[in-house]
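Architecture and fold: a report
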Amino acid sequence: MAKEVIIIGSGLGALECGVLLSREGFHVRILERQHQPGGCMQSYRRNGMDYDTGLHYVGGIGEGQVLHDIFKQLGLLSLPWQHLDPNGFDRITIGGETFPFVEGYDNFLRTMSERFPSQKAGLQKYIDVLRDSDTDTSMHYADVNAWQWLNETFSDPLLIAVLSGTSLKMELNRETLPLFNFAHGNASFIQSSWRLNAPGNVLVNQLIKQIEDNGGEVLCNSEVTELVERDGMLCTAVCKNGERYDADIFISDIHPSLTISLIKESRVVKGIYRRRMTSLENTFGIFTCSLRLDTEQFYANHNKFLYSTPSDVWDRNGILISFAQPNQIDILTPMLWSEVAQWHDTTLGHRGDDYKAFKAAKAQELIARAEILLPGLRDAVKEIYCSSPLTWRDYNNAPEGNAYGIRKDFSNHLMTILTPRTPLPNLLLTGQSLMIHGIHGTTMTAYFTCREIIK
């Protein structure tokens, strides 16, 4: 008889675990609190147009690259991936000067060395670190401070800003960010970068179809409110709708602190472990302004990053412009929880006029900044849809609306870089809060989680 597996949450890590385990003969049941699966991979539809929430681009799915074989095994290579411009898939503008990121480690080294000839030796060291990030030995960078390493390796502050300039896809924190996470967050994109030429729900549905074809199921509107322990093992997931599901193995794709809070009584999960999970700091959030345009004239097959000064890069004062469709643009910028904390006790659709005014003003600010690179953008805008850390908190159950999970700390990496194991032998964790965030990190973590089960 097939072993029963309960997976809590339906984000990318959960769905990938579901595919891998159901393929191995486990009966998988995924329990999702929202009415729609996918977490931050899902898309939503407004007035006939689809908008993505967290899926903007992915790196390293070319043949022989870090995610190619994994995506092939997961059935994701068949999706309509669009190869971003290899001569500048990311373009970073700092103080009026634009620096293209070209595809391939050797090409990247060559072009950056041409622009910063005095920094060539440091650039070679950087490329060596990126190459090493694909190996099993890369964990030795986990106790190295990324900011300190960059400043010891390069003497040019502008180059440091350029190399960090695409890192809106991670939390740049001078005091904590490990070189391990900085390297992983950049390496795969330099191998090759791709945009999904379809809504994110296409990826979500592709994974769900495989789970269902293998006999599993994804149940929405099934919020888990308690995990019941018996004789030192989890036995039952209790849902808000009254349903109870027994299983042999449990995997949680939600935030680790929320996972532990579901275990009301335990003789295995001690207070010190609970306090550790609840005391971990979270990364900042993201404000996203999605624009529908009445023209396709602004479209580009690359991403644009904009900063006024080099120091703005690590001070979280930049924007990312992503061209989701020919007549659609997303503008993203970091946002701290403190900027929206005054509305923390509100719910979706009931935050009041002051919150609406806050979002509208922020959207106009981002559009004005984007016009530096896209003159005339404001006049082409037909519709605007915005999300803040509050949106992420309520839709994705992300504490403080964090965008990248738990904050990793090079000085305490053994506590902040988590493994899938928990004190309960049949409860495992997955998702971006464990080791590395983003599509690459979440996918790799899903494999590590499943390896604990598939011996």
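Residues numbered from 1 in each chain as written. Predicted model: local features only at pLDDT ≥ 70, side-chain atom pairs only at ≥ 80, totals over all residues. Heavy atoms only, no water.

Within the largest apolar cluster, 80 residues are counted, with the highest numbers of intra-cluster contacts made by Phe108, Phe154, Phe182, Leu227 and Trp314. When residues of this core are assigned to their parent elements, the largest contribution, seven residues, is made by helix H7 (residues 179-191). Sequence-distant contacts of Phe182, defined by excluding residues within four places in its chain, comprise Tyr126, Ala146, Leu150, Leu163, Ser164, Ser167, Met170, Leu172, Leu177 and Trp314. (Core = buried A, V, L, I, M, F, W, Y, C linked by side-chain atoms within 4.5 Å. Buried < 20%, exposed > 50% of the residue type's maximum accessible area, 1.4 Å probe, protein only. Helix = DSSP H or I, 4+ residues; strand = E, 2+ residues; numbered from the N terminus. Contact = heavy atoms within 4.5 Å.)

Glancing now at the side chain of Asp253. As for its position among the elements, Asp253 is in the loop between strand S14 (249-252) and helix H9 (256-261). In this structure, Asp253 is buried with no salt-bridge partner, the nearest side chain bearing the opposite charge being Arg33 at 12 Å. Polar contacts involving the side chain of Asp253 include one to the main-chain amide nitrogen of Gly11, which spans 3.2 Å. Among all residues touching Asp253, those that are not within four sequence positions of it are Ile8, Gly9, Ser10, Gly11, Leu12, Gly13, Ala14, Thr430 and Gly431. (Lys, Arg positive; Asp, Glu negative; His and termini not counted. Salt bridge = Lys/Arg side-chain N within 4 Å of Asp/Glu carboxyl O. Polar contact = N/O pair within 3.5 Å; in protein donor to acceptor, adjacent residues only side chain to side chain.)

This part covers the packing of helix H4 (residues 120-132) against H7. Between H4 and H7, the shortest axis-to-axis distance is 8 Å and the interhelical angle comes to 85°. Considered as vectors, H4 and H7 are oriented roughly perpendicular to each other. From H4, Tyr126, Val129 and Leu130 reach across to H7, where they touch Leu179, Phe182, Ala183, Asn186, Ala187 and Ile190. Within the contact of H4 with H7, the residues separate by chemical class into eight nonpolar, one polar and no charged. (Axes fitted to C-alpha atoms, helices over the stretch in contact; angles between N-to-C directions. Parallel < 35°, antiparallel > 145°, perpendicular 65-115°, else oblique. Nonpolar A, V, L, I, M, F, W, Y, C, P; charged D, E, K, R; others polar.)

In this structure the tally under the stated criterion is 18 salt bridges. Of the charged contacts in the structure, one is a salt bridge between Glu114 and Arg110, with a shortest N-O distance of 3.7 Å. Of this pair, Glu114 and Arg110 both sit in helix H3 (residues 105-115), separated by four residues, roughly a single helical turn. Since its relative accessible area comes to 55%, Glu114 is described here as exposed. Looking at Arg110, the relative accessible area reads 42%, which means it is partly exposed. Its salt-bridge partner being Asp394, residue Arg393 comes within 2.7 Å of it at the nearest N-O pair. Taken as a pair, Arg393 and Asp394 share a single burial class, namely buried. Taken together, the shared-partner salt bridges in this structure form one network comprising Glu4, Arg29 and Glu217.

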